[in-house]
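Coordinate analysis (summary)
These are the residues of each chain, in order.
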Amino acid sequence: MNHAALIASAEAARGFAHAPYSGFKVGAALETDDGEIISGCNIENATLGLTMCAERVALFKAISMGKTRFVRCAIATAAEKPTPPCGSCRQLLWEFAGDVEILLTRDRQLLEAHRLQDLFPLAFDRTHFQPETTAQPANNADCT
Ligand code: THU
């Protein structure tokens, strides 16, 4: 896979960003292990809190298309400082995409490349917990 195509896809998705509150438009593009590209942009709304980042839009789109294996994710902004994924996106990328390569880009230029593992060390994931299978139902004697 040519990185240029992935980076161009992230930049193109950035053009669809809906960011009237922050003015910060972000595009992201995920590459699957079989070379498909699925992109997303950030989508803000009036509550602000329901904003969705570009990376998660791309990730959820991909998962909803049955894609489960990824190799890299390009992120495109116009910011002077290279834009890495936020903490929430790091968590979800880690859980659903694994140790992918993260390409930080501007104007279709690659600025930095990182492994997600390096951006998100000591991640919490499903390897850290087991369901409490021995838990008993609460004693609701007062409610009977
Ligand atoms: N944003 C992303 O889309 N991805 C990130 O990883 C960082 C932040 C968006 C969310 C919000 O719409 C705007 O950038 C400012 O935080």
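A brief look at the structure comes next. Quick caveat, the model's predicted, so the values are computed rather than measured.

1. Brief notes about the overall build of the protein chain
Secondary structure summary: the protein chain contains four helices and five strands in total. Going from N to C terminus, the protein chain has its helices and strands arranged as α-β-β-α-β-α-β-β-α. Computed over its C-alpha atoms, the radius of gyration of the protein chain comes to 18 Å, more than 25% above the 15 Å expected for a compact globule of 144 residues. With respect to the three principal axes, the spread of C-alpha positions in the protein chain is 65 × 35 × 30 Å. The buried share among the 144 residues of the protein chain stands at 42%. Carbon and sulfur atoms make up 54% of the accessible area of the protein chain, which totals about 8600 Å². The averaged location of the 17 negative side-chain charges in the protein chain is 6 Å from the averaged location of its 13 positive side-chain charges.

2. Description of the site of the ligand
Near the ligand the following residues occur: Ser 22, Phe 24, Val 26, Asn 42, Glu 44, Thr 51, Cys 53, Ala 54, Glu 55, Pro 84, Pro 85 and Cys 86. At a separation of 2.9 Å, an oxygen atom of the ligand approaches a polar backbone atom of Ala 54. Between the ligand and Cys 86 there is a distance of 2.9 Å, counted from an oxygen atom to a backbone nitrogen or oxygen. The fraction of the free accessible surface of the ligand (380 Å²) that becomes covered by protein chains is 79%. Grouping the constituent residues of the shell around the ligand by class yields seven nonpolar, three polar and two charged.

3. What to know about the packing of aromatic side chains
All chains considered together, the criterion is met by one aromatic pair. Pairing Phe 124 with Phe 129 gives two aromatic rings, centres 6.1 Å apart and planes at 20°, and the pair type is stacked. Residue Phe 124 is classed as partly exposed on the basis of its relative accessible area, which comes to 48%. Taking the relative accessible area as the measure of exposure, Phe 129 reaches 49% and is therefore partly exposed.

4. Quick notes on the packing of helix H2 (residues 54–64) against helix H3 (residues 87–97)
Interhelical geometry of H2 versus H3 gives an angle of 25° and a closest axis separation of 9 Å. Comparing their axes, H3 and H2 come out roughly parallel. Viewed along their axes, H2 and H3 form a crossing whose handedness is left-handed. Two secondary-structure elements touch here, H2 through Glu 55, Arg 56, Leu 59, Phe 60 and Ile 63 and H3 through Ser 88, Cys 89, Leu 92, Leu 93 and Phe 96.

5. Concerning the sheet that holds strand E1 (residues 27–32)
The strand order across the open sheet formed by five strands is E2-E1-E3-E4-E5, and the pairing between neighbours is mixed. In this open sheet, the two edge strands, each paired with only one partner strand, are strand E2 (37–41) and strand E5 (109–115). The sheet shows a mean angle of 20° between the axes of neighbouring strands, direction not considered. The pairing of strand E3 (residues 70–76) with strand E4 (residues 101–106) spans five bridges and is classified as parallel. Its bridge partner lying in E4, Ile 75 is registered against Leu 104. Packed onto the sheet, H2 meets E1, E2 and E3 and runs at close to 140° relative to E2.

6. Focus on the environment of Thr 105
Mapped onto the fold, Thr 105 is located in strand E4. For Thr 105, a relative accessible area of 3% corresponds to the buried category. In sequence terms Thr 105 and Pro 85 are 20 residues apart; their C-alpha atoms lie 12 Å from each other.

Reading guide: rules and limits
Residues numbered from 1 in each chain as written. Predicted model: local features only at pLDDT ≥ 70, side-chain atom pairs only at ≥ 80, totals over all residues. Heavy atoms only, no water. Helix = DSSP H or I, 4+ residues; strand = E, 2+ residues; numbered from the N terminus. Rg over C-alpha atoms; globule rule 2.2 N^0.38 Å. Buried < 20%, exposed > 50% of the residue type's maximum accessible area, 1.4 Å probe, protein only. Areas by Shrake-Rupley, 256 points an atom, 1.4 Å probe, with all protein chains shown as cover. Lys, Arg positive; Asp, Glu negative; His and termini not counted. Charge placed at Lys NZ, Arg CZ, Asp CG, Glu CD. Near = heavy atom within 4 Å. Polar contact = N/O pair within 3.5 Å; in protein donor to acceptor, adjacent residues only side chain to side chain. Nonpolar A, V, L, I, M, F, W, Y, C, P; charged D, E, K, R; others polar. Phe/Tyr/Trp six-rings, centres within 6.5 Å; stacked < 30°, edge-to-face > 60°. Axes fitted to C-alpha atoms, helices over the stretch in contact; angles between N-to-C directions. Parallel < 35°, antiparallel > 145°, perpendicular 65-115°, else oblique. Left-handed = near helix turned anticlockwise from the far one by under 90°. Contact = heavy atoms within 4.5 Å. Pairing = 2+ DSSP bridges.

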